[in-house]
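Structure at a glance
Each chain, written out:
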Amino acid sequence: AQSVTQLDSHVSVSEGTPVLLRCNYSSSYSPSLFWYVQHPNKGLQLLLKYTSAATLVKGINGFEAEFKKSETSFHLTKPSAHMSDAAEYFCVVSDRRRGGKLIFGQGTELSVKP
Amino acid sequence: GAVVSQHPSWVICKSGTSVKIECRSLDFQATTMFWYRQFPKQSLMLMATSNEGSKATYEQGVEKDKFLINHASLTLSTLTVTSAHPEDSSFYICSATGRDNEQFFGPGTRLTVL
């Protein structure tokens, strides 16, 4: 079965400092992985996705993630945090054997201090 | 492109009444739509998969008679919470599958049952 584990439920950084949100996945075959962001009481916005092309994936708003098969990781990073980055972030794996259903991680709340 | 809308964005109802939530793909046709439920500070939980012209497929533990799903056209799916109770209060989010099976999410509907 496929699954994702987000290692931190909450991350706090200062504005202008790097962001690292950690995600490990479990999959018996090559996965499709996503990072979504959710601002309070809003729907989800796709930040980036990995679908077996380049292992370093660049997304919107300066975010990027690196797929590391040897570590079964797909961590999300950003060089410099902005106040507007404060939100909930979800690491997601697509279960292609179940019609592309998305399996969500538990979420990481990112706080950005001025 | 690839915009998904939900209506209403929020609803308050009395216990025992039924509430209908609409999910529309505005600029594309979606053969598959998904319905999720999200409790405060928690991740998204898939409730059901809705395919146009056929019965919805419900996830384990989700009562199909409680949460009625209709996918009457390629751009509209509805979720009806029947005989709503306070424990049904939640944030309901739909998504629609576009090209390449990418899911596009609606902005969510906040349901409060008094």
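Preceding this paragraph is the structure being described.
Because the structure is predicted, anything quoted here is derived from the model rather than measured.

Of the regular secondary structure elements, chain B holds 0 helices and 11 strands. Element order for chain B, N to C, with α for helix and β for strand: β-β-β-β-β-β-β-β-β-β-β. Reported as C-alpha extents along the three principal axes, the dimensions of chain B are approximately 40 × 25 × 20 Å. Each of the 114 residues in chain B was classed as buried or not, and the buried ones make up 51%. In chain B, of all internal contacts separated by at least 6 residues, the share reaching a separation of at least 24 is 54%.

What follows is about the state of the cysteines. Under the definition given, this model contains 2 disulfides over all chains. Put simply, A:C23 and A:C91 are joined by a disulfide, and their sulfur atoms are 2.0 Å apart. Disulfide A:C23-A:C91: the torsion about the S-S bond is -70°, which places it as left-handed. Taken together, the residues A:C23 in strand β4 (residues 23-26) and A:C91 in strand β10 (residues 87-95) connect sequence positions 68 residues apart. No difference in accessibility class separates A:C23 from A:C91, as the two residues are buried. Across a sulfur-sulfur distance of 2.0 Å, B:C23 and B:C94 are joined as a disulfide pair. The sign of the S-S torsion, about 80°, decides the handedness of the disulfide formed by B:C23 and B:C94: right-handed. Highlighted residues: B:C23 in strand β3 (residues 19-25) and B:C94 in strand β9 (residues 90-97), separated in sequence by 71 residues. For B:C23, a relative accessible area of 0% corresponds to the buried category. Looking at B:C94, the relative accessible area reads 0%, which means it is buried.

Let's shift gears to the pattern of salt bridges. By the definition in use, this model includes 8 salt bridges over all chains. Ionic pairing is found between A:E64 and A:K58, a salt bridge with its closest N-O pair at 2.8 Å. A relative accessible area of 24% places A:E64 in the partly exposed class. Between B:K66 and B:D88 there is a salt bridge whose closest N-O contact spans 2.7 Å. Of this pair, B:K66 sits in the loop between β6 (57-58) and β7 (67-73) while B:D88 sits in the loop between β8 (76-81) and β9, placing them 22 residues apart in sequence. Under the relative-accessibility criterion, B:K66 is labelled buried at 12%.

The rules we used
Residues numbered from 1 in each chain as written. Chains lettered and ligands numbered in written order. Predicted model: local features only at pLDDT ≥ 70, side-chain atom pairs only at ≥ 80, totals over all residues. Heavy atoms only, no water. Helix = DSSP H or I, 4+ residues; strand = E, 2+ residues; numbered from the N terminus. Buried < 20%, exposed > 50% of the residue type's maximum accessible area, 1.4 Å probe, protein only. Contact = heavy atoms within 4.5 Å. Disulfide = S-S within 2.5 Å. Salt bridge = Lys/Arg side-chain N within 4 Å of Asp/Glu carboxyl O.

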